[in-house]
Amino acid sequence: TSSSELPAWAKPWVNTLPPHLMGVIIGSLQLPAVFMVADTLGSSQAYMTLTSQPLGLSGYLQQKLVHWNGYRMGLDNWWQATYLLSAISGAYLSSSLTNTRGLAQGVPVIQAFVGGFLSIFGSRFASGCTSGHGLSGMALMVTKSVIAVPAMFAGGIFTGVVFQTLNAQGY
């Protein structure tokens with residue numbers, strides 16, 4: 001990424017790390033994941049694991065929501081939750097150590113909530129999230145991923161064009 005694509009406050013190697021390097025680091029986690037937990041990288045399953053925990057309070061709900069209840073326990077479920085929570089914690093720690101937390105322009109809370117919900121819904125509907133399809137599925141040449149990744153890029157490009165068209169100054 002050239003410095004012209006970065007926000008004005010970003011100084012590569014001073015308060016931000018190059019996206020290319022981070023991509024290599026995340027991609028290199030693929031082999032340990034496969035060998036240690038017999039699973040590939042992805043995080044959409046983590047949402048199922050985390051949101052299924054209240055089902056433990058009700059035997060009735062556990063019986064009615066059998067599929068969802070299946071995500072409550074087991075290393076194969078919890079390792080992705082750990083991966084997701086570690087990514088969130090790492091981003092928070094990194095922004096704190098580099099004094100960049102709060103510098104990026106955000107969106108209103110309701111837009112963030114709706115966007116997050118749609119992202120999670122889409123990742124479950126598509127049988128995986130962007131990291132699952134992009135890193136794991138493409139590495140394994142899974143047909144769903146070969147279709148999903150270009151569709152994600154097309155959706156992102158389309159959304160960017162729409163936002164830039166509607167609000168060119170603020171985009």
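Residues numbered from 1 in each chain as written. Predicted model: local features only at pLDDT ≥ 70, side-chain atom pairs only at ≥ 80, totals over all residues. Heavy atoms only, no water.

1. Here's the deal with a nonpolar patch on the surface
There is a patch of nonpolar side chains on the surface, built from I110, F113, V114, F117, L118, F121 and F125 and spanning about 850 Å² of accessible area. Structurally, the position occupied by L118 is in helix α7 (residues 109-125). Of the residues examined, L118 reaches a relative accessible area of 52% and is grouped as exposed. (Patch = residues over 30% accessible without salt bridge, like charges linked within 9 Å, V, L, I, M, F, W, Y side chains within 5 Å. Areas by Shrake-Rupley, 256 points an atom, 1.4 Å probe, with all protein chains shown as cover. Salt bridge = Lys/Arg side-chain N within 4 Å of Asp/Glu carboxyl O. Helix = DSSP H or I, 4+ residues; strand = E, 2+ residues; numbered from the N terminus. Buried < 20%, exposed > 50% of the residue type's maximum accessible area, 1.4 Å probe, protein only.)

2. Some details on the packing of helix α3 (residues 44-51) against α7
Running from amino to carboxyl end, α3 crosses α7 at an angle of 110°, the nearest separation of the two axes being 9 Å. Taken together, the axes of α3 and α7 lie roughly perpendicular to each other. Across the interface between the two elements, S44, Q45, Y47 and M48 of α3 pack against I120, S123 and R124 of α7. In the contact of α3 with α7, the residues fall into three nonpolar, three polar and one charged. (Axes fitted to C-alpha atoms, helices over the stretch in contact; angles between N-to-C directions. Parallel < 35°, antiparallel > 145°, perpendicular 65-115°, else oblique. Contact = heavy atoms within 4.5 Å. Nonpolar A, V, L, I, M, F, W, Y, C, P; charged D, E, K, R; others polar.)

3. Brief notes about the packing of aromatic side chains
Per the stated rule, a full pass over the model turns up three aromatic pairs. The interplanar angle of 45° and the centroid separation of 6.0 Å between the aromatic rings of W79 and Y83 together place this pair among those described as tilted. In this pair, W79 and Y83 are both assigned in helix α6 (residues 75-97), four residues apart and thus about one turn of the helix distant. With a relative accessible area of 12%, W79 lands in the buried category. Taking the centre distance of 6.3 Å and the plane angle of 20° together, the rings of F117 and F121 count as stacked. With F117 and F121 both in helix α7, this residue pair falls four residues apart, about one helical turn. Exposure class is identical for F117 and F121. Each is exposed. (Phe/Tyr/Trp six-rings, centres within 6.5 Å; stacked < 30°, edge-to-face > 60°.)

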